[in-house]
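Summary of the model geometry
Read off the chains here:
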Amino acid sequence: MQNDTQLLNDTLVSKSLSAADYVPTLDAMLARTLERIDLKKQQGLRTPDELWIVDHNDVYTLGQAGKEEHILQRTDTPIIKTDRGGQVTWHGHGQLVIYWLLDLDSLKWSVRNLVSHAEQAIEDVINDCLRSSPSDSDNISAHARRDAPGVYLYADTAATDDSTSTEDSSLDNKIMLGKMASLGFKIKHGFSYHGIAINLNCDLSSFNAINPCGYAGMQMLRLSDFVNMQTETDAQTEQQMSDSFSYETVTQKLIDNIAKRHAGLIELRAIAPK
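What you see is a predicted model; the values in this text were computed from it and never measured.

What follows concerns the confidence of the model for the chain. Model confidence for the chain is summarised by a mean pLDDT of 90, while 87% of its residues fall at 70 or above. This model gives residues 159-168 a pLDDT under 50, and the stretch forms nine contacts once residues within four places in sequence are excluded. Across residues 237-241 the pLDDT falls below 50, and counting only partners more than four positions away or on other chains, this stretch makes three contacts in the model.

So, in structure tokens, the structure goes:
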């Protein structure tokens, strides 16, 4: 497991973990959170917040209130019970996982703020990729839902005029195609950990063995089916490279967006009513 740490600003660092097994990663994340809680309580220290960018080895994780009935088929992939919110999901290569180790009280963020910032950061990046791609995705856009945490792709049911933005929070006249990103956080003494998972160019077949996030029949999506994404084995021309995204470029877009939100440079948009 490789570890690479980068300073994003005075109060935020990122840490990259590759080929990471779930249990030792969770143990390290919890230990770091408890250490930060103790430093704040005992010494009044505000330690830098951390974003952990993780490439997990294959694993199914079952949330604190997760129900075993949502595991439809037992495979060779380990199933780990964990302390985040939510039901069962899968993590593995080609999926971008970012854990948010934040001091919410110092940021003056509520739990609802945390969830909304996470969802809107994902919306921003996915919609930017969709708009920038020369593929047939002009009528597709990413949106969060109030009734089910995460980010989903929607297709317009009718042609829209030039004045209609893909950022429109209304889901009227849109058909949901499926889910591309999942969220699950844990809050302890005002500190968050766990986070988000976005399917970039992973093998989606692993989701067939579960009801993703507890929703039977939920269609899981990946970004590479909607925009041009590079793979490690691709022999591409310079033009093809310029018209496509890589796992790394999408990751950097998201980290940049989260860092701006953390610094107060991107404010929350109004949340659509249920």
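Let us keep going from here.
Let us look at the packing of helix H3 (residues 111-132) against helix H5 (residues 247-262). Contact geometry of H3 with H5 gives a least axis separation of 9 Å together with a crossing angle of 140 degrees. It follows that H3 is oblique to H5 by the angle criterion. At the point where H3 passes H5, the crossing takes the right-handed sense. Residue-level contacts link His117, Gln120, Ala121, Ile122, Asp124, Val125, Asp128 and Cys129 of H3 to Val250, Lys253, Leu254, Asn257, Ile258 and Arg261 of H5. Considering only residue class, the contact of H3 with H5 consists of seven nonpolar, three polar and four charged.

Below, the discussion takes up the sheet that holds strand S4 (residues 59-62). Two strands in a sheet stick together by hydrogen bonds in their backbones, pointing the same way (parallel) or opposite ways (antiparallel). Across the sheet, which stays open at both edges, the three strands sit in the order S5-S4-S6 with mixed pairing between neighbours. Each edge of the sheet is formed by a strand with only one pairing partner; in this case those strands are strand S5 (79-81) and strand S6 (88-91). Between one strand axis and the next, the sheet turns through 30 degrees on average, direction left out of account. Pairing analysis gives four bridges linking S4 to S6, with the strands arranged antiparallel. Following the sheet pairing, Leu62 is matched in S6 by Val88.

In terms of burial, strand S7 (residues 95-103) is largely enclosed, as nine of its nine residues are buried. The alternating pattern of S7 places Gln95, Val97, Tyr99, Leu101 and Asp103 and Leu96, Ile98, Trp100 and Leu102 on opposite faces, both of which are buried. Where strand S3 (residues 49-56) lies against S7, five bridges are found, and the strand directions are antiparallel. Along S7, the bridge assignment pairs Leu51 with Trp100. Sheet topology places S7 next to strand S11 (residues 191-199); seven bridges connect them, and they run antiparallel. Bridge pairing links Ile98 to Ile196 in S11.

On inspection of all chains with the given rule, the structure shows 14 salt bridges. Between Lys81 and Glu68 there is a salt bridge; the shortest N-O distance is 3.6 Å. Taken together, the positions of Lys81 in strand S5 and Glu68 in the loop between S4 and S5 put the pair 13 residues apart, joining distant regions of the chain. Of the residues examined, Glu68 reaches a relative accessible area of 37% and is grouped as partly exposed.

Moving on to the nonpolar core. Counting residues in each nonpolar core, the largest one holds 43 residues, and the members touching the most others are Trp100, Ile126, Ile196 and Leu254. Among the elements that line this core, the one with the most residues is H3, at nine residues. Apart from the residues within four sequence positions on either side, Ile126 is in contact with Ala142, Val151, Leu153, Met180, Ile198 and Leu223. By size, the runner-up hydrophobic cluster in this structure holds 15 residues, among which are Val88, Ala148, Tyr152 and Cys202.

The next subject is the packing of aromatic side chains. A full pass over the atoms with the stated rule returns two aromatic pairs. With a centroid separation of 5.5 Å and 75 degrees between ring planes, the pair formed by Trp90 and Phe207 is classed as edge-to-face. You can see Trp90 sitting in strand S6 and its partner Phe207 sitting in the loop between S11 and helix H4 (238-242), a full 117 residues away along the chain. Each member of the pair, Trp90 as well as Phe207, carries the same accessibility label: buried. When the ring centre of Trp52 is taken as reference, the NZ or CZ atom of Lys15 above it lies at 4.0 Å. Of note, Arg145 hangs over the ring of Tyr152, and the distance from its end group to the ring centre comes to 4.8 Å.

Criteria and thresholds
- Residues numbered from 1 in each chain as written.
- Predicted model: local features only at pLDDT ≥ 70, side-chain atom pairs only at ≥ 80, totals over all residues.
- Heavy atoms only, no water.
- pLDDT = per-residue confidence, 0-100.
- Contact = heavy atoms within 4.5 Å.
- Axes fitted to C-alpha atoms, helices over the stretch in contact; angles between N-to-C directions.
- Helix = DSSP H or I, 4+ residues; strand = E, 2+ residues; numbered from the N terminus.
- Parallel < 35°, antiparallel > 145°, perpendicular 65-115°, else oblique.
- Left-handed = near helix turned anticlockwise from the far one by under 90°.
- Nonpolar A, V, L, I, M, F, W, Y, C, P; charged D, E, K, R; others polar.
- Pairing = 2+ DSSP bridges.
- Buried < 20%, exposed > 50% of the residue type's maximum accessible area, 1.4 Å probe, protein only.
- Salt bridge = Lys/Arg side-chain N within 4 Å of Asp/Glu carboxyl O.
- Core = buried A, V, L, I, M, F, W, Y, C linked by side-chain atoms within 4.5 Å.
- Phe/Tyr/Trp six-rings, centres within 6.5 Å; stacked < 30°, edge-to-face > 60°.
- Lys NZ or Arg CZ within 6 Å of the ring centre and 35° of its normal.

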